[in-house]
Amino acid sequence: MADNSDNKVTPASRQYPDPAKKLKDDVATTGHSWDGIEEYDNPMPRWWVWIFIITIIWSVGYWIAYPAWPGIKSSTAGLLGYSSRANVAAEISDFEARNEQFFVQLVDTDLEDLRDNDELHRFAVNAGASVFRAQCSQCHGSGGAGVQAAGYPNLLDDDWLWGGTYEDILTTVTWGIRNEDYPDARWSEMPAFGRDGLLDDTEIDQIVHHVLSLSGSDHDAQIAAAGAELYEFNCASCHGDGGEGDYFLGAPALNNQVWLYGGSFDAIRETIYYSRFGVMPGFETRLREAEIRAVAAYVHQLGGGQ
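Now for a quick tour of the structure.

## Side note on the overall build of the chain
Now for step 1: Scanning the chain from N- to C-terminus turns up 11 helices and 2 strands.
Now for step 2: The N-to-C order of helical and strand elements in the chain reads α-β-β-α-α-α-α-α-α-α-α-α-α.
Now for step 3: Against the globule reference of 19 Å for 306 residues, the chain gives a C-alpha radius of gyration of 39 Å, more extended than a compact globule.
Now for step 4: Dimensions of the chain, computed from the C-alpha atoms along their principal axes, are close to 120 × 60 × 45 Å.

In structure tokens, the structure reads:
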């Protein structure tokens, strides 16, 4: 066998067809040509054309049946009057109506008896979690662990200021702490021993070492001994002789490793020197009673409710 001038294999019976030449002979072109490349005039498949026509007809029907065309203040409502926003509002109303019976029951039930009703307690905790995430997590964290650097208490332990019973937590959430909005807000105020000149720097350092000794933290025993008498005259009336604290007064315990603003030497010194004055808003006018009771139930079960 030998190649001919067209580089085709001979004999003729074994020549391969030229697809481009065959297509060019069978299909008309549009007459367009770019650098010798021609555009064939191939019609679209019939099924494709029909689908395109059907989609146009469908779109016209959709414009008529559903909201579609925007106006200045609203859009066309459509013959079916469909509204996804109205459907969502209807679903929310339906769930609120079903939950309302539990909210009513929650208000009528003594919180101390709440755990005796498993269904109601489960509802209160779930509803309270939702309220907590929306109203409380900004300060106390999404999981209730608090933010020590900012003085936001950890709600997961069993160390409570003003008590950790259902009623105690309910009162705290209702009226808040040291705010000026509610006369019944929790209130305590520690003197600023350094800023107001009640103690000098040496005396403050001695008290800091004594406070560190109460919690078993690293301290200078000799300096701490010197600070014991200063602590007795200036601090024990609120925090107790052994640093046990008094949660009825809102005075934190100092004999454990639970610290609101930190337990380092510098953090404790700053507390004694300048005092602390954390403020929590009350929710009596922000939430309805059932929601306050629900969030109290949620906080109570987080870890250390009394």
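After presenting the structure, the write-up continues.
## Section: the side chain of T109
Now for step 1: Looking at the element boundaries, T109 is found in the loop between α3 (84-108) and α4 (118-135).
Now for step 2: Note on T109: relative accessible area 18%, which makes it buried.
Now for step 3: When near neighbours in sequence (up to four residues on either side) are disregarded, T109 contacts L114, L120 and R293.

## Here we look at the packing of α3 against helix α11 (residues 289-301)
Now for step 1: Contact geometry for α3 and α11: axes closest at 9 Å, N-to-C directions at 75 degrees. The angle between α3 and α11 places the two elements in the roughly perpendicular class. Where α3 approaches α11, its residues F103, L106 and V107 are matched on the opposing element by E289, A290, R293 and A294.
Now for step 2: Looking at the contact of α3 with α11 residue by residue, the class counts come to 5 nonpolar, no polar and 2 charged.

## Some points on the environment of L254
Now for step 1: One can find L254 in the loop between α9 (236-239) and α10 (265-274).
Now for step 2: Put simply, L254 and T165 are 89 residues apart on the chain and 21 Å apart in space, counted from C-alpha to C-alpha.
Now for step 3: If we ignore the near neighbours within four places in the chain, the residues touching L254 are V211, L214, S215, Y231, H239, G243 and W259.

## Describing the nonpolar core
Now for step 1: The biggest cluster of nonpolar side chains holds 34 residues, and the ones touching the most others in it are L114, F132, Y298 and V299.
Now for step 2: Those residues in contact with F132, other than ones at most four positions away along the chain, are S137, H140, G141, S142, G144, L155, V295, Y298 and V299.
Now for step 3: In terms of nonpolar packing, the next biggest core, distinct from the first, is built from 16 residues, I207, V211, C235 and I268 among them.

## Regarding unusual backbone geometry
Now for step 1: The phi torsion at D35 lies on the positive side, around 50 degrees, for a residue other than glycine.
Now for step 2: Structurally, D35 is set in the loop between β1 (29-34) and β2 (37-40).
Now for step 3: We classify D35 as exposed; its relative accessible area is 82%.
Now for step 4: Phi is positive for R178, which is not a glycine, with a value near 50 degrees.
Now for step 5: Position of R178 among the secondary structure elements: in the loop between α6 (166-175) and α7 (201-214).

## Section: the pairing of β2
Now for step 1: One ladder, built from 3 bridges, connects β1 with β2; its direction is antiparallel. Directly across from T29, in β2, lies its bridge partner Y40.
Now for step 2: The antiparallel pairing of β1 with β2 creates a hairpin that spans 2 residues between the two strands, and D35 there sits at a positive phi of about 50 degrees.

## Topic: the side chain of R186
Now for step 1: Assignment of secondary structure puts R186 in the loop between α6 and α7.
Now for step 2: Despite its burial, R186 remains without a salt bridge, the nearest opposite charge being carried by D168 at 4.3 Å.
Now for step 3: For R186, the side chain forms a polar contact with the main-chain oxygen of D168, separated by 3.0 Å.
Now for step 4: If we skip the residues at most four places from it in the chain, R186 touches W162, D168, T171, T172, G176, I177 and R178.

## Regarding the environment of F193
Now for step 1: You can see F193 is positioned in the loop between α6 and α7.
Now for step 2: Discounting residues that sit within four places of it in the chain, F193 has contacts with L198, L199, I204, N234, I272 and Y273.

## Let's talk about α11
Now for step 1: Here α11 is 13 residues long and its end C-alpha atoms lie 19 Å apart, about the 18 Å a rise of 1.5 Å per residue gives.
Now for step 2: In terms of burial, α11 is a largely internal element, 10 of the 13 residues being buried.
Now for step 3: Among all positions of α11, only A290, I292, R293, A294, V295, A296, A297, Y298, V299 and H300 are buried.
Now for step 4: Where the residues of α11 are buried, they touch α3, α4 and α6.

## Here's the deal with the packing of aromatic side chains
Now for step 1: Taken as a whole and judged by the stated rule, the model has 11 aromatic pairs.
Now for step 2: Considering the side-chain rings of F102 and F123, the 4.9 Å spacing of their centres and the 25 degrees angle between planes classify their relative orientation as stacked. With F102 in helix α3 and F123 in helix α4, this pair connects stretches of sequence that are 21 residues apart. Take F102 and F123: they sit in the same class, and that class is buried.

Reading guide: rules and limits
- Residues numbered from 1 in each chain as written.
- Predicted model: local features only at pLDDT ≥ 70, side-chain atom pairs only at ≥ 80, totals over all residues.
- Heavy atoms only, no water.
- Helix = DSSP H or I, 4+ residues; strand = E, 2+ residues; numbered from the N terminus.
- Rg over C-alpha atoms; globule rule 2.2 N^0.38 Å.
- Buried < 20%, exposed > 50% of the residue type's maximum accessible area, 1.4 Å probe, protein only.
- Contact = heavy atoms within 4.5 Å.
- Axes fitted to C-alpha atoms, helices over the stretch in contact; angles between N-to-C directions.
- Parallel < 35°, antiparallel > 145°, perpendicular 65-115°, else oblique.
- Nonpolar A, V, L, I, M, F, W, Y, C, P; charged D, E, K, R; others polar.
- Core = buried A, V, L, I, M, F, W, Y, C linked by side-chain atoms within 4.5 Å.
- Pairing = 2+ DSSP bridges.
- Lys, Arg positive; Asp, Glu negative; His and termini not counted.
- Salt bridge = Lys/Arg side-chain N within 4 Å of Asp/Glu carboxyl O.
- Polar contact = N/O pair within 3.5 Å; in protein donor to acceptor, adjacent residues only side chain to side chain.
- Expected span 1.5 Å × (residues − 1).
- Phe/Tyr/Trp six-rings, centres within 6.5 Å; stacked < 30°, edge-to-face > 60°.

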